[in-house]
There are 2 protein chains.
Amino acid sequence: MTSASGATQAADDSAETGTQQIRDAIRDAIVERRLSPGTKLSESDVGNLFNVSRTLARAALQALSYEGLVSVEKNRGAFVAYPSPEEARQIFAARRLVEPGILREAAARITPADIRHLKQLLLEEGRLIGERGQTARRAEIKASGDFHLALAVISGNAIMQRFMDELVARSSLAIALYGQSTVSSCGHSEHGDIVTAIENKDLDEACRLMLHHITHIEADLDLRQRKDLGLKEALKR
Amino acid sequence: MTSASGATQAADDSAETGTQQIRDAIRDAIVERRLSPGTKLSESDVGNLFNVSRTLARAALQALSYEGLVSVEKNRGAFVAYPSPEEARQIFAARRLVEPGILREAAARITPADIRHLKQLLLEEGRLIGERGQTARRAEIKASGDFHLALAVISGNAIMQRFMDELVARSSLAIALYGQSTVSSCGHSEHGDIVTAIENKDLDEACRLMLHHITHIEADLDLRQRKDLGLKEALKR
DNA sequence: AAGCAAAAAATCGTATACAATCTAGGCGTC
DNA sequence: GACGCCTAGATTGTATACGATTTTTTGCTT
């Protein structure tokens, strides 16, 4: 619920109602991996699906392209983004670069209520890992990201929060493409350790754990360049 | 020249020619402060100005709103963004958070050619400070940002590069609104010091200087809340 | 049957049209 | 003269229309 529409607004008064809704729906579908990288998103289809004109569908796709979740190719249309191994590396490099800083700012402003909230998220995440079925798996993916997003919220910096929204969403894409282990459930305990370190006011340790955690996620990816990638057209549909 | 259109593309194949052009033109105008915060940007006006339909004008404005440079209010239109003091603080907080990291990555990959390029930028910047006239002033503003952007380019991370583009542009808005000293020319020597520290492989010192530099820029702003800000309508046009 | 060329269909790029909403000015009342 | 209401104009929100580009299909040739 925290992340249902928790992306771009902040103080966003814009919210072209229709567009916003479509954008969030598609974003969620991408992040939860109901839409695979490379899937074509035709403007007409999206429009029909939401009972809205191509104009709005196009606007939504355009918006998603600014977040790096879909790539639009001139005269060819929009596709769910298909990050290259290099792009994937950059996504995680960016996270290593900003998340320790966010963590520090968050720790400086954190309240007992925030800590309770974080633990709540952890509990929820743990519960989902226990369950089985696709629905639970998808919820787990989202929950895993929500932890990092929650820290950004606590940090109180709306700009960093939006940036993290983008990074977490794009991470999900990279994992969908290059992830090896079935799920990144491995990372759950690491989230808990980070909270503990924050509670103990051991920021250096918390940051160390955070960096380790991100590296751990990335290590589960197989980012070796696929050689036959020249005919990327084949992948696009 | 490095920054002429040096913002959003990277591997951007999209480039709806018309929209892209309009967006860059308006962005430049905002960054160079030819457009003041709060200025109304009507879709028809923008369209006419670029001999293009409202459709494309709207798309360009929408794009700029994703970068935080214009704010669009439902049923009211688009305005050059008018960042609140709090927003301004967050912009600089974000820069303090990411720029040391970018600097470290850049330093790790920097080549002699890159260093020559940085010094070239410094020279150009120094030259502009010497000149007088509005044109020179505007060029100076842009040059000052270009230094930070160049570091992001050298870091080789396209995602951080795009983020820095946004932060530098928004900084320019904050300075335009709250800046006190005529120009931030004060910061020029600091840029030089940073390059020197990089050359000396003294990364800790370089980061220290960078943080100091950003704080210095922010310190020149008067971010006291204006009390009569309730009737923000008055400020909007 | 495979390959290629041209035509047909689908899809995108952009402009225009119409409805909904907001803004401004005028008029009347108090 | 000030306040409120109402109409006229301007501006945005969304849909539709049409030309351009790409993709697919068809049908012919080898």
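Up top you'll find the structure we're talking about.
No experiment lies behind these values; they were computed from the predicted model shown.

What counts and how
- Residues numbered from 1 in each chain as written.
- Chains lettered and ligands numbered in written order.
- Predicted model: local features only at pLDDT ≥ 70, side-chain atom pairs only at ≥ 80, totals over all residues.
- Heavy atoms only, no water.
- Phe/Tyr/Trp six-rings, centres within 6.5 Å; stacked < 30°, edge-to-face > 60°.
- Helix = DSSP H or I, 4+ residues; strand = E, 2+ residues; numbered from the N terminus.
- Buried < 20%, exposed > 50% of the residue type's maximum accessible area, 1.4 Å probe, protein only.
- Near = heavy atom within 4 Å.
- Polar contact = N/O pair within 3.5 Å; in protein donor to acceptor, adjacent residues only side chain to side chain.
- Nonpolar A, V, L, I, M, F, W, Y, C, P; charged D, E, K, R; others polar.
- Pairing = 2+ DSSP bridges.
- Salt bridge = Lys/Arg side-chain N within 4 Å of Asp/Glu carboxyl O.
- Least-squares fit on C-alpha atoms with pLDDT ≥ 70 in both.
- Contact = heavy atoms within 4.5 Å.

Caption draft 1: Looking closely at the packing of aromatic side chains. Per the counting criterion, the structure on display carries two aromatic pairs over all chains. Centroid distance Tyr66(A) to Tyr66(B): 5.1 Å. Interplanar angle 40 degrees. Geometry classified as tilted. Pair noted here: Tyr66(A) is in helix α3 (residues 54-66) and Tyr66(B) is in helix α3 (residues 54-66), and the two residues belong to different chains. Each member of the pair, Tyr66(A) together with Tyr66(B), is buried.

Caption draft 2: Quick peek at unusual backbone geometry. Despite not being glycine, Lys201(A) has its phi angle at roughly 60 degrees, a positive value. Exposure remark for Lys201(A): the relative accessible area of 71% places this residue in the exposed category.

Caption draft 3: Structural context of the protein's contact with DNA strand C. Neighbouring DNA strand C are 20 residues; Arg54(A), Arg58(A), Ser53(B), Thr55(B) and Arg76(B) lie closest to it. Here, DNA strand C places atoms within 4 Å of the protein, and 64% of those atoms are sugar or phosphate. In this structure, a sugar or linking oxygen belonging to DNA strand C sits 3.4 Å away from a side-chain N or O atom of Asn75(B). For the surface near DNA strand C, the secondary-structure elements that each account for two or more residues are α2 (43-49) and α3 of chain A together with α3 of chain B. The element best represented in the surface near DNA strand C is α3(B), accounting for three residues. A class-by-class count of the residues in the surface near DNA strand C yields two nonpolar, eight polar and ten charged.

Caption draft 4: Quick look at the sheet that holds strand β2 (residues 70-73) of chain B. All names here are of chain B. If you trace the three strands from one edge of the open sheet to the other, you get β1-β3-β2, paired in antiparallel fashion. Both outer strands of the open sheet, β1 (40-41) and β2, are each paired with one neighbouring strand and no more. Here β1 runs beside strand β3 (residues 77-80); their pairing, made up of two bridges, is antiparallel. Each bridged residue has a counterpart across the sheet, and for Leu-41 the counterpart in β3 is Ala-78.

Caption draft 5: Expanded view of the pattern of salt bridges. A full pass over the atoms with the stated rule returns 44 salt bridges over all chains. We note a salt bridge from Arg76(A) to Glu73(A), for which the minimum N-O separation is 3.3 Å. The partner of Glu205(B) in a salt bridge is Arg208(B), with the nearest N and O atoms 3.0 Å apart. Here Glu205(B) pairs with Arg208(B), and both are found in helix α9 (residues 203-219), just three residues apart, close to one helical turn. According to the relative accessible area criterion, Glu205(B) is partly exposed, its value standing at 26%.

Caption draft 6: Main features of the relation of the copies chain A and chain B. Overlay of chain A on chain B (RMSD 0.0 Å): rotation 180 degrees, translation along the axis 0.0 Å. Here the copies are linked by what is in effect a two-fold axis. For chain A, the smallest separation between a C-alpha atom and the rotation axis is recorded for Val98(A), amounting to 3.0 Å. Counting the interface residues of chain A, we find that 97% of their copies in chain B are interface residues as well, pointing to one common contact surface.

Caption draft 7: Geometry of the sheet that holds strand β1 (residues 40-41) of chain A. Taken in spatial order, the three strands make up an open sheet running β1-β3-β2 (chain A), and their pairing is antiparallel. In this open sheet, the two strands that pair with only one neighbour each are β1 and β2 (70-73) of chain A.

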